[in-house]
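These are the residues of each chain, in order.
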Amino acid sequence: LNKPLHRKLFIKYQNTDNPPPMSSEKVHVRSHGCMKPYNWMQVGTWILLPLLLLQFFFFASPLLPLAASIPCSIVVFFFGILTAYKAIKTTITD
């Protein structure tokens, strides 16, 4: 039961068709988040954030009184742009 770690790894990869990559093989490593393959959550965020902002501007903002609609729209727009900026900056950072 108390086998050394290297023995456990050997047993784990002993019967597989795809052994772990050797040191001489190239392994694809992304240098930042804007490189393919994209994560499904990343693509979902690209779609969801603009949809949520449009939903607010077309459905929620018109229901508010004008005195509340303008400041709320400015705040939501500001934080939406800030979120998009920070997401892009984080994604392109190594």
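Residues numbered from 1 in each chain as written. Predicted model: local features only at pLDDT ≥ 70, side-chain atom pairs only at ≥ 80, totals over all residues. Heavy atoms only, no water.

Draft legend 1. Main features of the overall build of the protein chain. Helix and strand content of the protein chain: three helices and zero strands. For the protein chain, buried positions account for 9% of its 94 residues. Contacts in the protein chain between residues at least 24 apart in sequence constitute 35% of all its contacts with a sequence separation of at least 6. Accessible surface computed for the protein chain: about 8500 Å², of which carbon and sulfur atoms make up 70%. (Helix = DSSP H or I, 4+ residues; strand = E, 2+ residues; numbered from the N terminus. Buried < 20%, exposed > 50% of the residue type's maximum accessible area, 1.4 Å probe, protein only. Contact = heavy atoms within 4.5 Å. Areas by Shrake-Rupley, 256 points an atom, 1.4 Å probe, with all protein chains shown as cover.)

Draft legend 2. The packing of helix α2 (residues 40-60) against helix α3 (residues 66-92), seen in detail. For the pair α2 and α3, the least separation of the axes is 10 Å and the interaxial angle reads 170°. Put simply, α2 runs roughly antiparallel to α3. Here Q42, L49, L53, F56 and F57 of α2 lie close against α3, whose contacting residues are C72, S73, V76, F77, G80, T83, A84 and T91. Considered class by class, the residues forming the contact of α2 with α3 number eight nonpolar, five polar and no charged. (Axes fitted to C-alpha atoms, helices over the stretch in contact; angles between N-to-C directions. Parallel < 35°, antiparallel > 145°, perpendicular 65-115°, else oblique. Nonpolar A, V, L, I, M, F, W, Y, C, P; charged D, E, K, R; others polar.)

Draft legend 3. The arrangement of α3 in detail. For α3, which comprises 27 residues, the first-to-last C-alpha distance of 39 Å matches the rise-based estimate of 39 Å (1.5 Å per residue) to within 8%. Among the residues making up α3, those that are buried are S69, S73 and G80. Against α2 lie the buried residues of α3. (Expected span 1.5 Å × (residues − 1).)

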